Amino acid sequence: MTVNIQGVEYTIPPKGKVFNVITKETEKRPIITSSSKKTDQVWIRTELPENYEYKRKEELIRQAEDKDYFDIELENFRSQEWDRRLNGVWFMNNGKAEYITGMHYLFLNWWKIDIGYPSFRKVDQEYFYFLQSCVDNPECLGMIELTKRRQGKTVRAGVFMFDLISRSKNKNGGIQSKTASDAKNNVFAKSIVGPFKKLPDFFRPVYDQSKGVTPTSELRFYRTTKRGRKSLEDLGKPELESQIDWKSSDKYAYDGTKLHRYLGDEVGKTMEVDVWERHNVVRFCSELDGQYIGKLLYTTTVEEMESGGESFKKLWNASNQEDRNVHGRTSSGLFRFFTPAYKTLYFDKYGYANEERAKDYYLAERANLVNDDRALSSIIRRNPFTIEEAFRIDGERSLFNAMKLNDQIDRISWNENLYTKGNFEWVGDKETGHVEFKPMSNGRFKVSYLFEDFKDANNVIKRGKNYFPTRKGEFTMGCDPYDHDSTVDQRRSNGAFYVYKKHNSISNFYDSSFIVEYIYRPSTARQFYEDVLKCCHYYSCDLLFEDNKIGIKNYFEDRGYSAFLMYLPGSAKPGMSGSVKTHQQIAEVSEDYIETNVEKVCFPELLKDWLEFDISKTTKFDAAMAAGYTLIADKNILLKNYLRKGNLVEAKNMFKKFKVG
């Protein structure tokens, strides 16, 4: 039987049978049954035989004299457990036969953690089906898991890392987390070494104890020279010459290393490195001549993903199993797995979650915060029902309405047809020619609205050597130019501007909306100024800019476009100063727009800038500042709505708007 888990197929062997990975045959196996009564049938651990430790010591003593001796009862048990670990097992669960993979069996029956042995959970069963499918698929590099906190993701990942390395010769496993300390303590020590030391001896291979019985930097399956009775435990065990270690989160930490298993823990929270770039280093550690020789497992919770969330989302988007190339591979090589919060609560004794009860619980939690948009947005993201909710940006410290911004991000984040990338270019010379938009994948402009009729574009009047806009009542632009300094976070700031389509009584979707976004830093400031000018020319609109950087003003004047520079009421010079008062005004107009028109915004970078906006650190927010200048340009100019083709204009739109205090 084949089951489909989030777009990945896994074939379950026939009831009461397993696929033997050694003989490559489907073979019959007994179904574990805890009771003859249906309602009492649940998962119960298979424990060591009675007096196992005593009998094992006796066996070791006999084997020291006769290497071919073995205790029949113990050997049968060991064979049974190895068979289950390698091939999986069936058990009766409330009258239904359930199959669990070999890795899942090792996890449930022998992987003891700080709270004891794990319980059977249906959601874990699906996880291990998904993981096993990734392991078995030669065109899959591994999986990436996204879930809420405290769902056992790291201990499950520990089993993934340990299973292959501890039973194979010359294999390497590597671990990285958001910091070196996390990799060492939370993953290596707690989720691998701790459970490893509690395993029965037949699952615990020879390992190097030269630095103590509890490794801290690497778990090396090499023989060490030991004396005394302790050495009897390793009698007859092979030396695998395999190992598991951990390294810092550095991008190149494993560069050049051959990895057969790799665990990237908390990739959504990693701040010290871009996890997408690191993945493109690590993936080649598990690839040889175009073939995958190892498997990768990435995990993260959905909390606190702002710091590393963007690069993680890029990795997540590149791992969509529904989007594979002709070879059956995703862009990252990985497949992705998401666990909704409502599948993680209220388990019955059979391991099934009461999803409706869990949904009611979480919805009630959300209802309690309906009047606190920031807290509501945060709790939704921490306990997501959907992937879109998981990628919400936390609004705890947002200056604006985090709920509305996140809702809009949800609506647009998975839509690929919101705008077209390209460049505005001159056709003909700059004196007599016109501007056209040229779509291209690496374009500097993102455009959602262009004129349907070519004649409506470039409606610029030329008088002598000077040019004049004619559509200031319909379009406007706001610009946050860049200088040659770095920002407070040591990045080079971008030039940013927006084109805005003003309100019209004969409205359509694009009215009162940003229709062009430009956030880019060309190699020279003059190239940026020319991009601004071309956009002004195409839409024949005026421009409000931050006048602290006068380069753009001088450029427009030199080109004969000084009439395109906006003078605010009462100002003797074009532009607007970048002052504390200006920043406050930008915050006010942005807040007003978000409350009334945020559903019209189709540019994700602007929405995210608004969510994270800090009025005391405005240099970090190119998009938000440029949009703010654009909104001020719209609100502070006496609109001149032109009567064309019999269109009527509302009288109130002829007057300047004032905010009532």
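A quick note: this is a predicted structure, and the numbers were derived from the prediction, not measured. Here the residue index of a chain counts from 1 through its sequence in written order. Totals for whole chains, interfaces and linings use all residues, but because this is a predicted model, local features are given only for residues with pLDDT of at least 70 and pairs of side-chain atoms are given and counted only at 80 or more. Excluded from the side-chain calculations are hydrogens and water; all other atoms, namely the structure's heavy atoms, are used.

Novice: How would you explain the overall build of the protein chain if you had to name every residue and give the values?
Specialist: Counting from the N terminus, the helices are DSSP H or I runs at least four residues long and the strands are E runs at least two residues long. Helix and strand counts for the protein chain come out as 17 helices and 24 strands. Seen along its three principal axes, the alpha-carbon backbone of the protein chain occupies a region of about 110 × 50 × 45 Å. Each residue gets one of three labels from its accessible area relative to the maximum for its type: buried under 20%, exposed over 50%, partly exposed in between, using a 1.4 Å probe on protein chains only. Of all 661 residues assigned to the protein chain, the portion counted as buried reaches 53%. Only heavy atoms enter the contact rule, under which two residues are in contact if any of them lie within 4.5 Å. Once local pairs closer than 6 in sequence are excluded, the contacts in the protein chain between residues at least 24 apart make up 66%. Accessibility throughout is a Shrake-Rupley quantity obtained with a 1.4 Å probe, and a residue counts as covered only by protein chains that appear here. Here the protein chain has roughly 31000 Å² of accessible surface; of this, 48% comes from carbon and sulfur atoms. Counted charges follow a simple rule, with Lys and Arg positive, Asp and Glu negative, and His plus the chain ends left uncounted. Here the site of a charge means atom NZ of a Lys, CZ of an Arg, CG of an Asp or CD of a Glu. For the protein chain, the distance from the average position of its 102 positive side-chain charges to the average position of its 96 negative side-chain charges is 0 Å.

Novice: Which residues make up the packing of aromatic side chains, and what are the values?
Specialist: Two rings from Phe, Tyr or Trp (for Trp, the six-membered ring) form a pair when their centres are within 6.5 Å of each other. A pair whose planes differ by under 30 degrees is stacked, one over 60 is edge-to-face, and the rest are tilted. Across all of its chains, the model carries 63 aromatic pairs by this definition. Considering the side-chain rings of Y10 and Y129, the 5.0 Å spacing of their centres and the 20° angle between planes classify their relative orientation as stacked. Taken together, the residues span a long stretch of sequence, with Y10 in strand β2 (residues 8-11) and Y129 in helix α4 (residues 122-136) at a distance of 119 residues. You'll find Y10 and Y129 in the same group, each marked buried. Positioned above the aromatic ring of Y346 is the side chain of R357, whose terminal nitrogen or guanidinium carbon lies 3.7 Å from the ring centre. Just above the ring of Y342 sits the side chain of K359; from NZ or CZ to the centre is 4.5 Å. Lysine NZ or arginine CZ positioned within 6 Å of the ring centre and within 35 degrees of the ring normal marks a charge as sitting over the ring.

Novice: Can you explain the pairing of strand β3 (residues 17-20)? Please cite residues and give values.
Specialist: Only one face of β3 is covered, namely the face carrying V18 and N20; the face carrying K17 and F19 is uncovered. Looking at chain direction, β3 and strand β4 (residues 25-28) are connected through four bridges and run antiparallel. By the bridge assignment, V18 is partnered in β4 with E27. Here β3 folds back onto β4 in antiparallel fashion, the turn holding four residues, of which K24 has a positive phi close to 60°. Between any two strands, pairing holds if DSSP finds at least two bridges.

Novice: Residue-level account of helix α12 (residues 402-412), with values.
Specialist: Across the eleven residues of α12, eight count as buried, placing the element largely inside the fold. Those residues of α12 that fall on the buried side of the exposure criterion are A402, M403, L405, N406, Q408, I409, D410 and I412. Identification of polar contacts relies on pairs of N or O atoms within 3.5 Å, with a donor-acceptor requirement for protein atoms, meaning one able to donate a hydrogen and the other able to accept it, and with residues adjacent in sequence counted only if both atoms are side-chain atoms. Capping of α12 at its N-terminal end is provided by N401; its side-chain oxygen lies 3.1 Å from the backbone amide nitrogen of M403.

Novice: With reference to specific residues and values, describe helix α1 (residues 52-65).
Specialist: Expected helix span is taken as 1.5 Å per residue step, with the number of steps being one fewer than the number of residues. An ideal rise of 1.5 Å per residue puts 20 Å on 14 residues; α1 measures up with 20 Å between its terminal C-alpha atoms. For α1, the full list of buried residues reads Y52, R56, E59, L60 and Q63. Down the axis of α1, the smallest arc covering the buried residues is 105°, so these residues share one side. Exposed side chains of α1 directed beyond 90 degrees from the buried face belong to Y54, K57 and E65. In this description, one arc is meant: the one made by directions from the helix axis to the C-beta atoms.

Novice: Describe unusual backbone geometry, with residues and values.
Specialist: Of note, K24 is a non-glycine position whose phi angle comes to about 60°, a positive value. Along the chain, K24 turns up in the loop between β3 and β4. In this structure, Y346 takes a positive phi of about 55° despite not being glycine. Along the chain, Y346 turns up in the loop between β15 (334-338) and α9 (355-367).

Novice: Pulling in residues and values, what's your account of the packing of helix α3 (residues 102-110) against helix α5 (residues 153-165)?
Specialist: Axis angles are defined between N-to-C directions and span 0 to 180 degrees, where every axis is a line fitted to C-alpha atoms and, for a helix, only to the segment in contact. It is at 10 Å that the axes of α3 and α5 come closest, and there the two elements cross at 120°. Taken as axis vectors, α3 and α5 run oblique relative to one another. When you trace α3 past α5, the crossing you get is right-handed. Of the residues in α5, those in contact with M103, L106 and F107 of α3 are V155, R156, V159, F160, F162 and D163. Note on residue categories: nonpolar means Ala, Val, Leu, Ile, Met, Phe, Trp, Tyr, Cys or Pro, charged means Asp, Glu, Lys or Arg, and polar means any other residue, Gly included. Taken together, the residues that form the contact of α3 with α5 break down as seven nonpolar, no polar and two charged. For classification, angles of less than 35 degrees are called roughly parallel, those exceeding 145 degrees roughly antiparallel, those between 65 and 115 degrees roughly perpendicular, and all remaining angles oblique. For any pair of crossing helices, the crossing counts as left-handed if the nearer helix is rotated counterclockwise from the farther one by less than a right angle, and right-handed if it is rotated clockwise.

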